[in-house]
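# Geometric and topological summary
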Amino acid sequence: MRGEQEKSSTRTRHPRRGVRPAVIGPATHHYYKHQQIHPRTSPIDLYQGCPKGEHQNLVTEDITVVEGEVAIISCRVKNNDDSVIQLLNPNRQTIYFRDVRPLKDSRFQLVNFSSNELRVSLSNVTLEDEGRYLCQLYTDPPQEAFTTITVLVPPHNLVIDVQKDTYVEGEEVEMNCTALASKPAGTIRWFQGNKALTAVKTDVEYMEERMFRVRSQLVLTAKREDDGIPIVCLVDHPAVKDLQTQQYLDVQYKPMVSVSVKYPQGLTREGETLELVCSATGKPRPESILWQRVDDDLPEHVLILGDNLLFGNLNKTDNGTYRCEASNSVGSASADYTLFVYDHPTTLPPPTTTTTTTTTTTTPFIITDASATTEPAVHDTWAGDETPLVVDHAVIGGVVAVVVFAMLCLLIILGRYFARHKGTYFTHEAKGADDAADADTAIINAEGGQNSCEEKKEYFI
């Protein structure tokens, strides 16, 4: 651009007024020639008869533009009396004198020219175009106004660097996000999905030509939940909006194992069929699944069908803890299932007597294998959804109390009955003994008394 620019003329001082001179260039010579005025004459001399410029007001504004876009420079005059307006670049080279462009830079184009405004566009702005531009109004005295063009340079590239492509759960992940060649320096933020992350450190490096490079470092621990979740690096910069890049994490982890019952639904009883299902997920996919019986061998009638364990005919010897173990290149994990086989239900005949019998129900005591497994989230389970039938001790106690109370009531009734019928019993030989002097007389009195009782009485009318 500088090669296309013309050399500025020598700045001279007006011999009479000492006012600040204008830059004399080819466009100025062309204007002078058209007006038939000697080119050495200052443009201020052209307007010596003009009124004073205290009522005029030269206005301009600062401009912020993104590199490569278009900047609009406007020199506006209020209450202008047709004074000359010109625009100069930071090197004091005339860009426009009235509506004439002396500068051989086609990126400058005239947008509007009138007695009140000179508006010029600058396309494809570069960092070299940054600086203070001068608007001049040729009045007496002349007026000047500066407009500053600030060029913003967005980051040319946003890159995330990682140490490796694949991580194992529990490893430390280090990421570096770099925003290259920006002006001014940007601000980098980290996100995992919608969750904001905190960077360990951020470095800002000054480069040549007023450019900056920003580097931010993020450190986190790889988890299985992070697998396939993007880590986003976003830069905040006034020249660009929502500039971001992302890196997906590839996290490998050991299997997660669980055991469930396919059938039956409920208690597992003798003679029935039981099928256990082992589910295992991991990254990479588990290579093998192994069924075993804790502290014993698998029963002979048990079949292993892929990931399932099938009991064809349950019996009490099948009681125990069965373990499903899965493994991959990262590690292994297992889940346990505790099996308890219940008796087959039977129907008792109806009782033939009214004899009350007391039945004692024994609740089986089951010891669950609580041995630790490699998967802390797995717990032992029963062989069905229902629990063993347990007789409530409160019910038994209530029945016994009722029986005891009934027996006590019966004893009380019998005691009262015998108390009412209590008396002295006499034989026939003892009748009349109360009035006899000796035993013989008592016997005679008894016999006589008996006869007298049985005598017939006669009545005469």
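Since the structure is predicted, the reported quantities are computational estimates derived from the model, not experimental observations.

## Re a nonpolar patch on the surface
Among the surface-exposed residues, Ile396, Val400, Val404, Leu408 and Leu411 lie close enough to one another that they form a single nonpolar patch of about 440 Å² accessible area. The residue valine 400 is located in helix α2 (residues 393-420) in this model.

## Some thoughts on the state of the cysteines
Within the structure shown, the criterion is met by 3 disulfides. Shown here is the disulfide that connects cysteine 75 with cysteine 135, its sulfur atoms set 1.8 Å apart. On the sign convention where negative means left-handed, the S-S torsion of about -60 degrees between cysteine 75 and cysteine 135 marks this disulfide as left-handed. Pair noted here: cysteine 75 is in strand β3 (residues 71-78) and cysteine 135 is in strand β8 (residues 131-137), with a separation of 60 residues, a long-range link. Covalent S-S linkage joins cysteine 177 and cysteine 233, the inter-sulfur distance amounting to 1.8 Å. Here the S-S torsion is close to -80 degrees, and the disulfide linking cysteine 177 with cysteine 233 is therefore left-handed. Taken as a pair, cysteine 177 in strand β12 (residues 172-182) and cysteine 233 in strand β17 (residues 230-237) lie far apart in primary sequence, 56 residues in all.

## Here we look at unusual backbone geometry
Following tyrosine 263, the chain continues to proline 264 via a peptide bond in cis, the omega torsion being 5 degrees. Within the fold, proline 264 resides in the loop between β19 (250-263) and β20 (274-283). Of note, the amide linkage connecting lysine 283 to proline 284 takes the cis form, showing an omega dihedral of 0 degrees. Checked against the element boundaries, proline 284 lands in the loop between β20 and β21 (288-293).

## A closer look at the packing of aromatic side chains
In this structure the tally under the stated criterion is 5 aromatic pairs. Plain terms: the ring middles of tyrosine 417 and phenylalanine 418 are 5.7 Å apart, the flat faces sit at 70 degrees to each other, and that makes the pair edge-to-face. Taking relative accessible area as the criterion, tyrosine 417 reaches 48% and is therefore assigned partly exposed. We classify phenylalanine 418 as exposed; its relative accessible area is 57%. A cation over an aromatic ring shows up here: arginine 132 above the ring of phenylalanine 146, its NZ or CZ 4.0 Å from the ring centre.

## Comments concerning α2
Spanning 28 residues, α2 covers 42 Å between terminal C-alpha atoms, matching the ideal 40 Å at 1.5 Å per step. Little of α2 is tucked away: 0 of the 28 residues are buried.

## A word on the sheet that holds strand β18 (residues 240-248)
Consider a sheet: its strands pair through backbone hydrogen bonds, and that pairing is either parallel or antiparallel. As summarised here, the arrangement of the 4 strands in space is β14-β13-β17-β18, forming an open sheet in which the pairing is antiparallel. Taken across any chain shown, the strands that pair with only one partner, and hence form the sheet edges, are β14 (195-197) and β18. Recorded for the sheet is a direction-independent mean angle of 30 degrees between the axes of neighbouring strands. Note: strand β13 (residues 187-192) against β14, 3 bridges, orientation antiparallel. Along β14, the bridge assignment pairs tryptophan 190 with leucine 197.

## Thoughts on the UniProt feature "transmembrane region" (unreviewed entry) in the chain
In the numbering used here, UniProt assigns the feature "transmembrane region" (unreviewed entry) to residues 394-414. Annotation note: span residues 394-414, helix share 100%, strand share 0%, distance between end C-alpha atoms 31 Å.

## A short note on the sheet that holds β21
Read across the sheet, 3 strands follow the order β21-β24-β25 without closing on themselves; strand pairing throughout is antiparallel. Only two strands of the sheet have a single neighbouring strand rather than two, namely β21 and β25 (332-339). Averaged over neighbouring strand pairs, the angle between their axes works out to 20 degrees when direction is ignored. Across 8 bridges, the pairing between strand β24 (residues 320-327) and β25 is antiparallel. Bridging from a neighbouring strand, tyrosine 322 pairs with tyrosine 337 of β25.

## A short note on the pattern of salt bridges
A complete count under the given rule lists 15 salt bridges for this structure. A salt bridge links lysine 283 to aspartate 227; its shortest N-O distance comes to 2.8 Å. Separated by 56 residues along the polypeptide, lysine 283 in strand β20 and aspartate 227 in the loop between β16 (212-221) and β17 bring together distant segments of the chain. Owing to a relative accessible area of 24%, aspartate 227 belongs among the partly exposed residues under this scheme. With its nearest N and O atoms 4.0 Å apart, the salt bridge here joins arginine 293 to aspartate 296. The class for aspartate 296 is partly exposed, based on a relative accessible area of 44%. Via salt bridges that share partners, Asp105, Arg107 and Asp129 belong to a single interconnected network.

## A closer look at the confidence of the model for the chain
For the chain, per-residue confidence averages 77 on the pLDDT scale, and 69% of positions sit at 70 or higher. This stretch, residues 1-54, has a pLDDT under 50; its non-local contacts, to residues over four places away or in other chains, come to 80 contacts. In this model residues 352-390 is a low-confidence stretch, pLDDT under 50, and it forms 56 contacts with partners more than four residues away in sequence or in other chains.

## Points about a negative patch on the surface
Side chains of Glu67, Glu128, Glu208 and Glu209 sit close together on the surface and give a patch of like negative charge. You can see glutamate 128 is positioned in the loop between β7 (117-122) and β8. You can call glutamate 128 exposed: its relative accessible area is 52%.

## Overview of the pairing of β19
Two faces make up the sheet, and in a regular strand the side chains alternate between them. Where strand β11 (residues 166-168) meets β19, 3 bridges bridge the pair, whose relative direction is parallel. Bridged to valine 168 within β19 is glutamine 252. In terms of strand pairing, β19 meets β20 through 8 bridges, oriented antiparallel. Bridging from a neighbouring strand, serine 260 pairs with valine 277 of β20.

Rules used in this analysis
Residues numbered from 1 in each chain as written. Predicted model: local features only at pLDDT ≥ 70, side-chain atom pairs only at ≥ 80, totals over all residues. Heavy atoms only, no water. Patch = residues over 30% accessible without salt bridge, like charges linked within 9 Å, V, L, I, M, F, W, Y side chains within 5 Å. Areas by Shrake-Rupley, 256 points an atom, 1.4 Å probe, with all protein chains shown as cover. Salt bridge = Lys/Arg side-chain N within 4 Å of Asp/Glu carboxyl O. Helix = DSSP H or I, 4+ residues; strand = E, 2+ residues; numbered from the N terminus. Disulfide = S-S within 2.5 Å. Phe/Tyr/Trp six-rings, centres within 6.5 Å; stacked < 30°, edge-to-face > 60°. Buried < 20%, exposed > 50% of the residue type's maximum accessible area, 1.4 Å probe, protein only. Lys NZ or Arg CZ within 6 Å of the ring centre and 35° of its normal. Expected span 1.5 Å × (residues − 1). Pairing = 2+ DSSP bridges. Axes fitted to C-alpha atoms, helices over the stretch in contact; angles between N-to-C directions. UniProt positions renumbered as here; feature names shortened; annotations may be inferred. pLDDT = per-residue confidence, 0-100. Contact = heavy atoms within 4.5 Å. Lys, Arg positive; Asp, Glu negative; His and termini not counted. Charge placed at Lys NZ, Arg CZ, Asp CG, Glu CD.

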